Every structure is written in structure tokens, then in C-alpha cells.
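Here are the chains, one letter per residue:
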Amino acid sequence: MSEYHRPDANMVQTLKDIANKLRFQSINMTSTCNSGHPTSCCSAAEIFSVLFFHTMKYKVKEPKNAANDRFVLSKGHACPILYAAWAEVGLFPESELLNIRKLSSDLEGHPTPRLNFIDVATGSLGMGLSFAAGMAYCGKYIDKADYRVFAVMGDGESAEGSVWEAMAFSSFYKLDNLVAIFDVNRLGQSDPTSLQHDLDTYKKRAEAFGFNTYVVDGHSVEELVKALHGAETTSGRPTCIIAKTFKGKGVSGIEDQINWHGKPLGGETERALAEIKAIIKNNGPYNITPPQPSGTVQAANISNIALPEPPKYSEPTACRAAYGKAIAKIGQANNRVIAMDGDTKNSTYSIKLMDVRPDQYVECFIAEQNLVGVGIGCATRDRTVVFLSTFAAFFTRAFDQIRMGAISQTNVNFVGSHAGVSIGEDGPSQMALEDLAMFQSIPGSTVFYPSDAVSMERAVELAANKSGICFIRSSRPNIPILYGADEVFKIGQAKVLRKTDSDQVTIIGACVTIVEALKAADELAKSGVNVRVIDPFTIKPLDVAGIIQNARETGGRIVTVEDHYVEGGIGSAVASGVSECRDIIVKKLAVNDIPRSGKAAELIEKYGIGANSIVKAVQQILTL
């Protein structure tokens, strides 16, 4: 450790006073709105005081300046003290604090990026360190800048496995610009935490995961300052600070007592405020300017990302292989395009970017929750364009991270391969049959379902430029090429692949089922029944107007067919889209049972989504 300069007595007292003022504000805010978590704020007061008024480097009036240090409050329920800290440094008037949790205020019950000083939404516990690790990875390896990232976590959330996934990732990548601070206040929501104040076990666990670790009195500003100095001067390892604290610190009768989680102090408020006010020697203003960033960070150009050349295919190609080509192309064209994977890169074909631009590929190993969290963190402040890939089924493990990504206003692209029974012999555990439903349920999401290699490449290109969460479904089998290299694709615009003036039914499918639909169309034509075949391209937004128009031109009859469970897939989207049209009926073909292993063609036939089943469905709907 380089020479440590202890803060003088005046600075120590000022940091103590600020901590107590932040306590005062947190109690006052939550009592005013009669909800919130004041005791969780009280345990972290000195941590916030030291971080925001002594350690972190940032420009107050530019909270998201690219050169600023980053801060993640993983224990999002303690956000009143975070709001109080930003008000104290002068970002907004202290009077605004009393509007917390009101509909008219962006000071919500848990932090969201509606506030300009919040990068990621938190409140579902166990995610903040993954977000912070993504920011730190971006800082060290992509921005190559000296900003640092601080994450404050509760001890209760350390029971979440995603915390340890993040710690393993952080030490593997030697994120020495990352500081994880555990606020060990002993008490959870309904009971004491499993370790309570067993700081030695916390220390051993952190060290076992490769962290430079300090155990401190979390209410001692001197010890916190010294540990944070040690973190700054440590190279090659992230730092973990285990801070022993007390829930409700500073309030007699409440400090370190069970059953005060998530409760304003009610009738104890006036007494609590008086106790805290009595120990503040200087109530401010403190005239402390936070340390300023030492340099600037290069601008990140992530707009107008385009394939440098059009897709070129002549032979049947798997959509997953086309994804690999597309991510390599746009990655070579823009050095801010990042691919992340969970040890499936040779199956998802994200390996293709690693082959040509290894610095733009991040291996996250088999830890899907952390994979998603790191991706969300890496994408903050528009520093990168992130594509996350794995088997689509495995994204279900990280659904909570995905939904929190939406609340975080993230721009992350998810690419899920091995979709449906068409993957064949691997069996149901590997078959994504819920993925379309899952991603359609995410607010603001865009859901692509490319039907061939050409449309897959264009989906990647469109997703790279689309705000919000995007999901691209990537199938395993080789699929015939349906489109020419110059075909233009648009989000929310379907493609009509087969059409005559005498069509009696509209069939809607995608990828493997669009191939089956075309086979069925050929078979039906032999008996004089013409059908229209539509590729929706995006399931969300769905081309509702186009589907309604084509349905009405075909007698108001629609058959949907998909390699997905019946709930929440193409059929559900189409039925919802035409639900107000009294002259249109929809018959849905989908996988209705938990499937089993077998060859792809056998499974498609067995589960009623093949050409024979489509022919029967058309014949049935014509009799209705």
C-alpha cells in the first residue's frame, strides 16, 4: 500500500456530521411518507458519507459524465440515504426529499434511472454486484479509463448465488477498479441473517473468491477511509470491504433490534430525530467538493451500426451460424459491439466475434444470472452495444435480471439458440419452449424470430440500433434460404412468402415451421386449396395491420404454427392482435406437452407442428 494520509480531525468530524445528517434525512423522509426502510439507511450512513464526500471522484452537476466513478446501491431499499447524499452534495434541493415515494416524484421507493444519478434499477436483491462488475469490466478493458466502481450490498442479499457468481467473475478478470462493500448490519427482514456478525466467515469467503479484503467498523469513518485507500492502491484484484454495522444505528431502543425492517419509525420519529440532531456538531453547509475525475473518457460511437456487406447465402444454413457471421461483421465494423456468452459460444456461434476481435468478446462462464447482470452493467451510459447469447432456455434462469434490466432502461440484446423441439435428441431440458412468452412479457421489448440466415443477419443489425431490450430467437437446424441478399427488413413488418388471388387460409409460422407451412401449402394446392404463408419476422411488435388485411383476404381464417408452447408464443400474439376483429378466427398449432428426445423431423411430426398437421388444421378451419 502506498503511503496513507489519515484525514485530519476536522475532516473526520465533518464526515461524522454528514453521516448523521444523512441518517436524520432518511428517518425524516420515510416518516413523512409513512413508508420505507430507515433502519437500513442508518446502518450505511458512514459508508455513504465517506464515499460521496471523500473517496469517489465525480462531477456533481454531470452525474453520468463518462469519466465519473460509478456507484451501485445493490440494497436498493436503502435509497433514501442515497437520495439524501445527492441532495447534500447539491444536485437538487433538500426540500425535494420530502416528496419521496409520491406519484409526482422520481424519488421512488427503490432507485430507477428516471433519476439522472442512477445507472441501474435495484431492489430485487443480489444483482448490484453483477451490474457493477459489468461497469468495471467496461472501464478496465473497453474504455481503458481510470474511473472506479463502488457497490454497496446488504448482508442479507449475500445469500443470493448471483452475488458469488459476480465475485468469481470479478476476480477472474482482475477488476481492481471494483470495490464491493458489504453492509453487515446483522438483521434481515424477518430474522437475523444466517451469519449475523460472523465477520471472519465473510472475510474467508471473500478472500476465497480472490478479493483483497478488509474487515472494518462500518461506523468508523477513519477505518472506512483507510480501507478505501487500500482498495485504490491495490492492483490486480478487486476489493471487498466487510463493514460491521448496526441496523437503526443512532436510535436508542431501535438500534440492532429485530422487527424494524421496512418500517418508518412512527411515534418514535421525533425522539429519534432529536437524538441524532444532538450529536451533530455542524449541521452544514459543509463546503466539501467531491474529488474530481482526473481525466476524460473517449466518446463511444454506438449509432448507425450496419453490416459492412449484405448477407450472402446459397445453401441451407442454421440461424445460429448466421448470428455468428453477423456479430463478427458488425463487431469488426464497430469496436463498441460486445458479445458475451455463458460457455456456449461454440454452439451459439458468438465465438465468431471472439475469433476476429477477441477484445470484444467476454466469456461469462456457466452463470447466466451474472451473464445478464454484467451485460446490463456494461451497457450503461451508452458505452457499448451488448449482445448476450446462450441457449434460450437458460435465459429463464435470469428472468429476474432481465425484468430489472427493463426497469433499468437497458439496451441489451439477448440471442437465444436451441429453440424448440427441432433441436432434436438433446431433449426437453435444452429446448426453449417458453422464451417467446418470457421476452414478450418484458415491457418495451422487441422480439425477433428470424426465419432464415438472411433475416437473422438483418435482425442482428436492427437490434444493434434499437433501444430497449431485444430478443432474437436463433434456431439450430439448417434452414433453406428464403430471402435474397438485398431484402429489406423492418421491425413490425411481416413478409408474405406465398400468395395467390384465391387463398382461403392464412398460415403464420417462423423458421422451422415456416418451412413446414410451405410444404403444407404445396400439398394443399394439389387438392385445389390455396393458402397464404406469412413470416412475421418480429413477434413483438407484431404486424397486426398486415395480418388482419391478409386474413380478411383469405376468408378471415388464420392458422398459426410454432415450435413453442401454446401459451405466449406466435399464436397468442396473433390472437391478441386480431381479438377485436369479429370476422377473424385463429387456430393455433404449438407444442402442447413436455417433449422428449428424438430426431428433429420426428419431434416436429409428433408434437403437431409439421406439414401434415398444418394440412389437417387448414382442412378443419375451412369447415368452421
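Since this is a predicted model, take the numbers as computed values, not measurements.

**Q** Account for the pairing of strand β18 (residues 557–565), with residues named and values stated.
**A** A large share of β18 lies buried, amounting to eight of its nine residues. Direction of pairing for strand β15 (residues 503–508) relative to β18: parallel, over a ladder of three bridges. If you follow I508 over to β18, its bridge partner there is T560. The sheet contact formed by β18 and strand β19 (residues 585–591) spans six bridges and is parallel. Residue pairing in the sheet places V559 in a bridge with K587 of β19. Between the parallel elements β18 and β19, the chain passes through helix α19 (residues 570–577) in a crossover that is right-handed.

**Q** Account for the packing of helix α1 (residues 9–33) against helix α9 (residues 269–278), naming residues and giving values.
**A** Packing of α1 against α9 leaves a shortest axis separation of 9 Å and a crossing angle of 165°. Here α1 lies roughly antiparallel to α9, going by the angle between them. Once α1 is placed against α9, the crossing between them reads as left-handed. Residues N20, R23, F24, I27, N28 and S31 of α1 lie in contact with α9, whose contacting residues are T269, A272, L273, I276 and K277. For the contact of α1 with α9, the residue count by class is five nonpolar, four polar and two charged.

**Q** Describe the packing of aromatic side chains, listing the residues and the values that go with them.
**A** For the structure on display, the rule yields 28 aromatic pairs. With a centroid separation of 6.4 Å and 20° between ring planes, the pair formed by W164 and F182 is classed as stacked. Linking W164 in helix α6 (residues 161–172) with F182 in strand β3 (residues 178–184), this pair joins segments that are 18 residues apart in sequence. Joined through ring pairs, the aromatic side chains of F48, F52, Y58, F71, Y83, W86, F92 and F117 make up one cluster.

**Q** Run through the domain arrangement of the protein, naming residues and quoting values.
**A** Here the domain parsing of the protein yields domain 1 (9–279), domain 2 (319–473) and domain 3 (495–622). Of note, the centres of domain 1 and domain 3, computed from C-alpha atoms alone, are 52 Å apart.

**Q** Residue-level account of the sheet that holds strand β11 (residues 446–448), with values.
**A** As summarised here, the arrangement of the seven strands in space is β8-β7-β9-β10-β12-β11-β17, forming an open sheet in which the pairing is mixed. At either end of the open sheet lies a strand with only one pairing partner, and these are β8 (361–363) and β17 (538–540). Taking each pair of neighbouring strands and ignoring which way they run, the sheet shows an average axis angle of 20°. Relative to strand β12 (residues 470–473), β11 runs parallel, the two being bridged by three bridges. Among the inter-strand pairings, F448 is bridged to a residue of β12, identified as I472.

**Q** Can you break down the UniProt feature "domain: Transketolase-like pyrimidine-binding" (unreviewed entry) in the protein residue by residue, with the values?
**A** Residues annotated by UniProt as "domain: Transketolase-like pyrimidine-binding" (unreviewed entry) correspond here to residues 317–481. The straight-line gap between the two end C-alpha atoms of residues 317–481 is 7 Å; of that span, 39% is helix and 19% is strand.

**Q** I'd like to hear about the packing of helix α17 (residues 512–526) against helix α21 (residues 611–621), residue by residue, with values.
**A** The interhelical angle for the contact between α17 and α21, taken along N-to-C directions, is 60°, at an axis separation of 8 Å. The angle between the axes of α17 and α21 places the two elements in the oblique class. In the crossing of α17 with α21, the sense of the turn from one axis to the other is right-handed. Each of T513, E516, A517, K519, A520, E523 and L524 in α17 lies in contact with α21, whose residues at this interface are A611, I614, V615 and V618.

Definitions and cut-offs
Residues numbered from 1 in each chain as written. Predicted model: local features only at pLDDT ≥ 70, side-chain atom pairs only at ≥ 80, totals over all residues. Heavy atoms only, no water. Buried < 20%, exposed > 50% of the residue type's maximum accessible area, 1.4 Å probe, protein only. Helix = DSSP H or I, 4+ residues; strand = E, 2+ residues; numbered from the N terminus. Pairing = 2+ DSSP bridges. Right-handed = clockwise from strand over helix to strand, strands pointing away. Axes fitted to C-alpha atoms, helices over the stretch in contact; angles between N-to-C directions. Parallel < 35°, antiparallel > 145°, perpendicular 65-115°, else oblique. Left-handed = near helix turned anticlockwise from the far one by under 90°. Contact = heavy atoms within 4.5 Å. Nonpolar A, V, L, I, M, F, W, Y, C, P; charged D, E, K, R; others polar. Phe/Tyr/Trp six-rings, centres within 6.5 Å; stacked < 30°, edge-to-face > 60°. Domains from an automatic or database assignment. UniProt positions renumbered as here; feature names shortened; annotations may be inferred.

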